[in-house]
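A structural walkthrough
Here's the letter readout for the chains.
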Amino acid sequence: LHKTMTPSSTSPIPHSESIQYPTLPHKHESLYNPQSISQYLDTKFIEFVHGAKEWLNRDDKDSDDAKQQRMDLLRSVLRLECKDVYSLPVFRMEFCSDMLDEVKFLEEQIKNLDVQFTRPNSMNSYGMVLEEVGMKQWWDVFVNEYFSVLGAILSPQEPRLDAHHTFIVEYQATGKEWDKKLDLHVDDSELTLNLCLGEEKFEGGNLFISGHIERPHTYQDYSEYEHVIGKAIIHDGKQMHGALDLTKGRRFNLIMWGRSSKFREENRHIVKQKLVSRDGEKGDEHHDHHHGENCECSHGHDEHEKHHHGEEERTEKEESTTESAE
């Protein structure tokens, strides 16, 4: 069975107005000043957001011209990496290097404080919540001005994203205490952003993707994505996924859970869904080997991909990004 990854506290994510965190020294001030956001963004993403805002202001979104404009906008930035996972150029490499440098600097500062900071979520033990280290306003503005626009053009009929939980996770191949992998789970989000910050020369730790928790016919799906430093990916928060073992080095990822308060209010009565039993289903043993509670993937990835996808996956990647997204 999958797990539902949540913030490490069972209470709602606190706002900086309601809880006081110790003030830490900063190394890169631009990561705390929202006016610096645009300098860190890829120009293609900025152009996309400007075009998306124009489209969202149209009164004729059902017209053929508007539909074509929306498809062109999405195709300009989205690339299908594997089933239901898309990459897009959000941040410049300078952002990744500055953020990674800042995270390492902050870790050293935290070691010297007699303060307990929150784990990034209920499953990862190492990393940090960016709100707690003073970056809340930066990410609030990013969500409101940029990420919510992406969410709105991806799903025009859904309520706008207006909240987030943004954090760093850290994996290390050596040392028993370190996180090396992540079991199958779904995120507490409507739309998830995952950005690989580094470090250089890490190996393994691929993201694996299973089906969508609300679509039982997809539960036997399986694909993998190999993280690339500086590349951001997005996926539905209810897409079941995890991380295979990191086999060498250390890797930091920045994760943003994009959320919609209105969507959650409208759907609060829905009971959490659970995976149906897979007993007796074709390929069950093979699938559970990858996704079980103690996932230990040891056999060949190529063989697995051939079994699950074959020519179908190659055909899917040749299809329109927009058609696939919809």
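In this text, all values refer to a predicted model and were calculated from it rather than measured experimentally.

Some details on the overall build of the chain
- When you go through the chain residue by residue, the secondary structure sums to ten helices and 14 strands.
- Classification of the 326 residues of the chain by burial places 50% in the buried group.
- When contacts within the chain are restricted to residue pairs at least 6 apart in sequence, long-range pairs at least 24 apart make up 82% of them.
- Total accessible area on the chain is roughly 16,500 Å²; 46% of this is exposed by carbon and sulfur atoms.

Brief notes about the nonpolar core
- By size, the foremost hydrophobic cluster in this structure holds 56 residues, and its most contacted members are Phe48, Phe91, Phe95, Met99, Trp139 and Phe142.
- Residues contacting Phe48, with those up to four places away along its chain left out, are Leu73, Leu74, Ser76, Val77, Leu150 and Ile153.
- One finds Met123, Phe167, Leu182 and Phe202 within the second-largest nonpolar core, a separate group that totals twelve residues.

Looking at the sheet that holds strand 3 (residues 85–88)
- Across the sheet, seven strands lie side by side as 2-3-11-7-14-5-4; this open sheet has antiparallel pairing. Each of the sheet's edge strands pairs with one partner strand only, and the pair in question is strand 2 (79–82) and strand 4 (127–129). In this sheet, neighbouring strand axes are inclined to one another by 25° on average, regardless of whether the strands run parallel or antiparallel.

Re the packing of helix 2 (residues 43–56) against helix 5 (residues 136–154)
- Following both chains from N to C, one finds helix 2 and helix 5 inclined at 65°, their axes separated by 9 Å at the closest point. Judged by the angle between their axes, helix 2 and helix 5 are roughly perpendicular. Note on packing geometry: the crossing formed by helix 2 with helix 5 is left-handed. Every residue of helix 5 that contacts helix 2 at Phe45, Phe48, Val49, Ala52, Lys53, Trp55 and Leu56 is listed here: Phe142, Glu145, Tyr146, Val149, Leu150, Ala152 and Ile153.
- Of the residues contributing to the contact of helix 2 with helix 5, the split by class is twelve nonpolar, no polar and two charged.

So, helix 3 (residues 64–77)
- When the terminal C-alpha atoms of helix 3 are compared, their 21 Å separation across 14 residues agrees well with the 20 Å that a helix rising 1.5 Å per residue should span.
- Of the positions making up helix 3, those classed as buried are Ala66, Arg70, Leu73, Leu74 and Val77. For helix 3, the angular spread of the buried residues around the axis is 95°, confining them to a single face. For helix 3, the exposed residues set more than 90 degrees away from the buried face come down to Asp64 and Asp65.

Concerning empty space enclosed by the protein
- Summed over the entire model, instances satisfying the criterion amount to two cavities of 30 Å³ or more.
- As a volume, the largest cavity reaches approximately 170 Å³.
- If you go around the largest cavity, you meet 21 residues; those closest to its centre are Tyr171, Leu182, Asn194, His241 and Ile255.
- Mapped by element, the contributors of at least two residues to the lining of the largest cavity are strand 5 (163–172), strand 6 (182–187), strand 7 (191–198), strand 12 (239–243) and strand 14 (250–259).
- It is strand 14 that contributes the most residues to the lining of the largest cavity, four residues altogether.
- Class assignment of the residues belonging to the lining of the largest cavity gives a composition of nine nonpolar, ten polar and two charged.

Considering unusual backbone geometry
- Cis geometry marks the peptide bond from Gly198 to Glu199, where omega comes out at 20°.
- Topologically, Glu199 is positioned in the loop between strand 7 and strand 8 (203–204).
- Located in the positive-phi region is Asp84, a residue other than glycine, with phi close to 70°.
- Along the polypeptide, Asp84 turns up in the loop between strand 2 and strand 3.
- The class for Asp84 is partly exposed, based on a relative accessible area of 23%.
- Its identity is not glycine, yet Lys201 carries a phi of approximately 65°, on the positive side.
- Structurally, the position occupied by Lys201 is in the loop between strand 7 and strand 8.

Some details on the packing of aromatic side chains
- The final tally for this structure, using the stated rule, is 16 aromatic pairs.
- Aromatic side chains Trp138 and Phe142 sit 6.4 Å apart centroid to centroid with 20° between the ring planes, which places their arrangement in the stacked category. Placement of the pair is Trp138 and Phe142 together in helix 5, with a separation of four residues, close to one helical turn. Each member of the pair, Trp138 as well as Phe142, is classed as buried.
- Cluster of aromatic residues (ring-pair linked, three or more members): Tyr40, Phe45, Phe48, Phe91, Phe95, Trp138, Trp139, Phe142, Tyr146 and Phe147.
- Across from the ring centre of Trp55, 5.7 Å away, lies the NZ or CZ of Lys61, which sits over that ring.

Focus: the confidence of the model for the chain
- Per-residue confidence for the chain gives a mean pLDDT of 81, with 76% of residues at or over 70.
- Considering only residues more than four positions removed or in separate chains, one finds that residues 9–18, a stretch of pLDDT under 50, has twelve contacts.
- Below pLDDT 50 for its whole length, residues 271–325 participates in 95 contacts with residues either more than four positions away or in separate chains.

Rules of the game
- Residues numbered from 1 in each chain as written.
- Predicted model: local features only at pLDDT ≥ 70, side-chain atom pairs only at ≥ 80, totals over all residues.
- Heavy atoms only, no water.
- Helix = DSSP H or I, 4+ residues; strand = E, 2+ residues; numbered from the N terminus.
- Buried < 20%, exposed > 50% of the residue type's maximum accessible area, 1.4 Å probe, protein only.
- Contact = heavy atoms within 4.5 Å.
- Areas by Shrake-Rupley, 256 points an atom, 1.4 Å probe, with all protein chains shown as cover.
- Core = buried A, V, L, I, M, F, W, Y, C linked by side-chain atoms within 4.5 Å.
- Pairing = 2+ DSSP bridges.
- Axes fitted to C-alpha atoms, helices over the stretch in contact; angles between N-to-C directions.
- Parallel < 35°, antiparallel > 145°, perpendicular 65-115°, else oblique.
- Left-handed = near helix turned anticlockwise from the far one by under 90°.
- Nonpolar A, V, L, I, M, F, W, Y, C, P; charged D, E, K, R; others polar.
- Expected span 1.5 Å × (residues − 1).
- Arc of directions from axis to C-beta.
- 1 Å grid on protein atoms, 1.4 Å probe; cavity = no way out; pocket = protein on both sides within 12 Å on 5 of 7 lines; lining within 4 Å.
- Points joined across faces, edges and corners; volume = space filled by probe spheres on them.
- Phe/Tyr/Trp six-rings, centres within 6.5 Å; stacked < 30°, edge-to-face > 60°.
- Lys NZ or Arg CZ within 6 Å of the ring centre and 35° of its normal.
- pLDDT = per-residue confidence, 0-100.

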